[in-house]
Amino acid sequence: FENRRQTIAGERSFRKKNPGRPEWLISQQIPQFEDVKFEAASLLSELYCQENSVDAAKPLLRKAIQISQQTPYWHCRLLFQLAQLHTLEKDLVSACDLLGVGAEYARVVGSEYTRALFLLSKGMLLLMERKLQEVHPLLTLCGQIVETWQGNPIQKESLRVFFLVLQVTHYLDAGQVKSVKPCLKQLQQCIQTISTLHDDEILPSNPADLFHWLPKEHMCVLVYLVTVMHSMQAGYLEKAQKYTDKALMQLEKLKMLDCSPILSSFQVILLEHIIMCRLVTGHKATALQEISQVCQLCQQSPRLFSNHAAQLHTLLGLYCVSVNCMDNAEAQFTTALRLTNHQELWAFIVTNLASVYIREGNRHQELYSLLERINPDHSFPVSSHCLRAAAFYVRGLFSFFQGRYNEAKRFLRETLKMSNAEDLNRLTACSLVLLGHIFYVLGNHRESNNMVVPAMQLASKIPDMSVQLWSSALLRDLNKACGNAMDAHEAAQMHQNFSQQLLQDHIEACSLPEHNLITWTDGPPPVQFQAQNGPNTSLASLL
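Within each chain, residues carry numbers counting from 1 in the order of the written sequence. Residue-level local features of this predicted model are given only where pLDDT is at least 70; pairs of side-chain atoms are given and counted only at 80 or more, and the full residue set underlies all totals for whole chains, interfaces and linings. Note that the side-chain values use all heavy atoms of the structure and ignore hydrogens as well as water.

**Points about the overall build of the protein chain**
Within the protein chain, the secondary structure is distributed over 25 helices and zero strands. The globule rule is 2.2 Å times the number of residues to the power 0.38, and the radius of gyration it is compared with is taken over C-alpha atoms. Taking 2.2 N^0.38 as the reference for a compact globule, 543 residues should give roughly 24 Å; the C-alpha atoms of the protein chain span a radius of gyration of 27 Å, in line with that estimate. Reported as C-alpha extents along the three principal axes, the dimensions of the protein chain are approximately 95 × 50 × 45 Å. Contacts were defined at the residue level, with two residues in contact if any of their heavy atoms lie within 4.5 Å. For the protein chain, long-range pairs separated by at least 24 residues make up 63% of all intrachain contacts whose partners lie at least 6 apart in sequence. A 1.4 Å probe and the Shrake-Rupley method give the accessible areas. Residues count as covered only by the protein chains that appear here. A total accessible area of about 25300 Å² is found for the protein chain, and carbon and sulfur atoms account for 51% of it. The helix count covers DSSP runs of H or I at least four residues long, the strand count covers runs of E at least two residues long, and both are numbered beginning at the N terminus.

**Concerning unusual backbone geometry**
With omega at -10°, the peptide bond leading from Ile462 into Pro463 counts as cis. With respect to the element layout, Pro463 can be found in the loop between helix H22 (445–461) and helix H23 (465–481). Notably, Lys90 is not glycine yet its phi reads approximately 65°, a positive angle. On the secondary structure map, Lys90 appears in the loop between helix H5 (72–88) and helix H6 (92–108). Among the residues examined, Lys90 registers a relative accessible area of 57% and is labelled exposed. Under the scheme applied here, a residue whose accessible area is under 20% of the maximum for its type counts as buried, over 50% as exposed, and between as partly exposed, the area being computed with a 1.4 Å probe on protein chains only.

**Comments concerning the pattern of salt bridges**
Basic side-chain nitrogens of Lys or Arg form a salt bridge, by our definition, when they fall within 4 Å of a carboxyl oxygen of Asp or Glu. A complete count under the given rule lists 19 salt bridges for this structure. Of the charged contacts, one joins Arg160 and Glu147 as a salt bridge, the two residues approaching to 3.3 Å between their closest N and O atoms. Taken together, the positions of Arg160 in helix H9 (residues 153–173) and Glu147 in helix H8 (residues 132–148) put the pair 13 residues apart, joining distant regions of the chain. Judged by relative accessible area, which is 17%, Arg160 ranks as buried. On the basis of relative accessible area, Glu147 is assigned to the partly exposed category, the value being 47%. A cluster of three or more residues bridged by salt bridges with shared partners is formed by Glu330, Glu360, Arg363 and Glu366.

**Here's the deal with the packing of aromatic side chains**
Between the rings of Phe, Tyr and Trp (Trp by its six-membered ring), a pair exists once the centres lie within 6.5 Å; its type follows the angle of the planes, with under 30 degrees stacked, over 60 edge-to-face, and the other angles tilted. Going through the model one piece at a time under the given rule, you end up with 12 aromatic pairs. Their ring planes at 5° and their centres at 4.2 Å tell us that Phe162 and Trp213 sit as a pair that is stacked. With Phe162 in helix H9 and Trp213 in the loop between helix H10 (181–196) and helix H11 (216–234), this residue pair connects regions lying 51 residues apart in the sequence. Judged by relative accessible area, which is 1%, Phe162 ranks as buried. A connected cluster of aromatic rings, assembled from ring pairs, spans Tyr73, Trp74, Phe80, Phe118 and Phe211.

**With respect to the confidence of the model for the protein chain**
Considering every residue of the protein chain, the mean pLDDT works out to 88; 90% of them sit at 70 or more. How sure the predictor is of each residue is captured by pLDDT, a score from 0 to 100. Of all secondary-structure elements in the protein chain, the lowest mean pLDDT belongs to helix H1 (residues 4–17), at 39, while helix H21 (residues 425–441) reaches the highest, 97. This model gives residues 1–32 a pLDDT under 50, and the stretch forms 39 contacts once residues within four places in sequence are excluded. Between residues 530–543, whose pLDDT stays under 50, and residues either more than four places distant or in other chains, the model counts 27 contacts.

**As for H10**
With 16 residues, H10 extends 23 Å from end C-alpha to end C-alpha; this agrees with the ideal 22 Å at 1.5 Å per step. Within H10, burial applies to Cys183, Leu184, Leu187, Cys190, Ile191 and Ile194. Buried residues of H10 fall within an arc of 120° about the axis and therefore sit on the same side. Facing away from the buried surface of H10 by more than 90 degrees, the exposed residues are Lys185, Gln192 and Thr196. Residues of H10 that are buried make contact with H9 and H11. Working rule for helices: expected span equals 1.5 Å times residues minus one. Working note: the arc is built from the helix axis to C-beta atom directions.

So this is what it looks like as structure tokens:
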């Protein structure tokens, strides 16, 4: 097996001559060479998967697992491989069962390290399934194993990184941006520790310990990625940009030497987050070009597209909202809803689609139906703190447009309470400026100013261009009403500057050929884009 390509070619040739008998390699030919048999089974199952013959790969791996119990390394490796296969098919129940079997086997053969790998992998899948009651005790057990295991320092730290990544992503999925900070800080310190350690060439004495979760370089990118996720949710968009740049630079270097699919997944997730940041900071043209970049990455991998199609259409929907193409935004969000089974993403899309219907002003029946499905007062469909706070904001926005100001204030104060509890800066800024607008309409200029000034300060810190535009318009009108001519002039000048920046970016984005992506709602991403004629350059469309 020195030349793996020749081996795979030989396997392919033999299968053509001997159809329906994949078990030949592991049960008949060379029973005295255990490693050779199981590596052959592993390679052949990979080949089946490459040729989309997953149903042939599964029994082969099951047979290999059945007869490899006296060979700890291969038994564990084949269990991981079959669990991965079930995961790719989205059969997470079967995958979790296999990982549980692997954890118990590793315990029996005295490998606490590999037991932790199996349990952490199972915890990751349980988080994906939102089985939180099972996740919490499992992660507690994992934490105990990681802390008490004494072995190779790099292996120990990599287990700790795996454990902390699961904790951090769990908090972020729950929208708990403030609560996650201690875990995120530990994770960042842990990756710094790993980067100073030298690879130990001494092999573990237990063959079941011959595994590693991720290379150090991949772990570094992953920590950058979760830091970007946190920064975006918290509203630290300049920090998100900084870590995205670092991660993408590292990815480009790695992809020159490594064709691992996980690198493309990391790249797509990074781009998805930074695209949302661009739309907030008023860089729509750059966001659109990065959406096109995600399309190109998805064209290269059907599996990547399958996993990210709903997110891609969601991003296009957000872009459409930013350029005031509401019909296209509705079409993109509706397409995304059709493509996702992810509860949090579903709630995020529905919340944004509701805001589209509010802005259109004539979709009351559809809007009431959506608002009932994301009612934050009772039976909210997901556990995310952030999404529930956003649902209160959307309710407040709708009540404002309906002229029900007291009701709007109640919803917005609930948003403020929740967003302040978890440092959700964007929601805080949006709620403050909308409350300020309500008080301005009611003639309470002092209270309006108390809301709008901190909204402006927070929006400048994020920075959120739309909230800055809105706040500066309110400050202009407030100061004018209060007879503060100089302050009114200064606010008017700020508003003019924000307006010009947004208008220029709007024209640039709508002039790009990629702008035609807003009409794509079916099938794989289009390969080419036609030039867009006549962008809408009306400033009113931005406001």
